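Inside the fold
Read off the chains here:
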Amino acid sequence: MAETPHRRGLDAQGHIAREGSLARVPEGFRPVVAAARDRLPHLFGPRLHSAYLYGSVPRGTARVGRSDLDLLVALYDEPTEADRTGGRALVEALDKEFPQIDGGGTLLYSRARLLSDLETHDLGFFVACLCTPLLGDDLAADLPRYRPDSLLARETNGDLALLLPRWRERVAGAADTEEARRPLVRFMSRHLVRTAFTLVMPRWNGWTSDLFEMAEAFAGCYPAHAEQVRAAAVRGYEPAGDPAVLRSYLDDLGPWLAGEYARVHGVKAARPTGTG
């Protein structure tokens, strides 16, 4: 039997369906989400346009004590460093208050940037398809529908070659402890698996945010690198701060993936200096 569009994360018209909803938030995480929703307006005041959840919590797959809380905030103006500090402090306070979560983060952008032509197939896609509205007017109403094509692949993950030097700096600057390396392994594992998936996404013709499903989609097209990506998917959920893993990402899997990505989809459009 042919696989249905729903199983591939697409709607009946072949567009990527928005994942996650507040209704899917697991019971144990609802107090955390409620606290975030209550505190965000006090933090940003009238500058707050809208706020969103993303990740495992709104997808309903969060695990108590292991999953983080991920927020995206859209402001009417450009965020400042003080805003970013406030966003970090908010999540740190929630992390201390609620044992259900294990860390988290707050992404901050202006409404104008999220709706800009340059970001249509990157941050725009992220908001419209991967974020769940929490507060304010949903920006997805002003964004297009998306298909799993090469343009989307290029603009979402076509910058790995630029990221690798920054990753090397982060690894070099981290403390020489398992505890310090563990979040780096988790972050890089997830990013590499997602990049591997979007490399093959147009051929797979669908969308998923499940790391294991991503790895299997990639494996079907690149069997020679399948085990590397499958192992990265495991570490994305259960990381260990092994320095050998980080070296393999920076010296082997990462550079190969960056080169293959550029060959297949091209390089992500350049962003103005200072926009992140």
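Look up a bit, the structure's there.
Presented here is a report on the structure given in the accompanying data block. Values in this document were obtained by computation on a predicted structure and should not be read as measured data.

Observations regarding helix 1 (residues 30-44)
- Between its terminal C-alpha atoms helix 1 stretches 22 Å, which fits the 21 Å expected from 15 residues at 1.5 Å a residue.
- Along helix 1, the residues that are buried comprise V32, V33, A35, A36, L40 and F44.
- On its buried face, helix 1 sits against strand 1 (48-54), helix 2 (56-59), strand 2 (67-75), helix 3 (81-97), strand 3 (101-110) and strand 4 (131-136).

Focus on the sheet that holds strand 4
- Spatially, the four strands line up as an open sheet ordered 3-2-1-4, and their pairing is mixed. Single-partner strands in this sheet number two, and they are strand 3 and strand 4. Neighbour to neighbour, the strand axes of the sheet diverge by 25 degrees on average, direction disregarded.
- For strand 1 and strand 4, the ladder comprises five bridges, and the chain directions are antiparallel. Within strand 4, the position partnered with S50 by the bridge is G136.
- Packed onto the sheet, helix 3 meets strand 2 and strand 3 and runs at close to 155 degrees relative to strand 3.

Considering the packing of aromatic side chains
- In total, this model carries 10 aromatic pairs according to the counting rule given.
- Judged by centre distance (5.4 Å) and plane angle (80 degrees), the rings of F197 and W204 are edge-to-face. Neither F197 nor W204 differs from the other in exposure class; each is buried.
- Between the aromatic rings of F218 and Y222, the centroid separation amounts to 5.1 Å while the plane-to-plane angle is 15 degrees, which identifies the pairing as stacked.
- Among the residues examined, F218 registers a relative accessible area of 0% and is labelled buried.

Each value, and the rule that gives it
Sequence positions are assigned chain by chain, starting from 1 and proceeding in written order. Per-residue local features are limited, in this predicted model, to residues with pLDDT of at least 70; the limit for side-chain atom pairs, both in listing and counting, is 80 or more; totals at the level of whole chains, interfaces and linings are taken over all residues. The side-chain numbers reported here are obtained from all heavy atoms of the structure, hydrogens and water having been left aside. Put simply, DSSP marks the helices as runs of H or I at least four residues long and the strands as runs of E at least two long, and each gets a number from the N terminus on. One less than the number of residues in a helix, times 1.5 Å, gives the span that helix is expected to have. Remark: exposure states derive from per-residue accessible area (1.4 Å probe, protein chains only) relative to the maximum for the residue type, with buried under 20%, exposed over 50%, and partly exposed in between. We call two residues in contact when some of their heavy atoms are within 4.5 Å. A pair of strands is treated as paired once DSSP finds two or more bridges between them. Here the axes come from fitting lines to C-alpha atoms, over the contacting stretch only for helices, and the angles between their N-to-C directions go from 0 to 180 degrees. Aromatic rings from Phe, Tyr and Trp, with only the six-membered ring used for Trp, were paired whenever their centres fell within 6.5 Å, and each pair was classed as stacked if the ring planes differed by under 30 degrees, edge-to-face if by over 60, and tilted otherwise.

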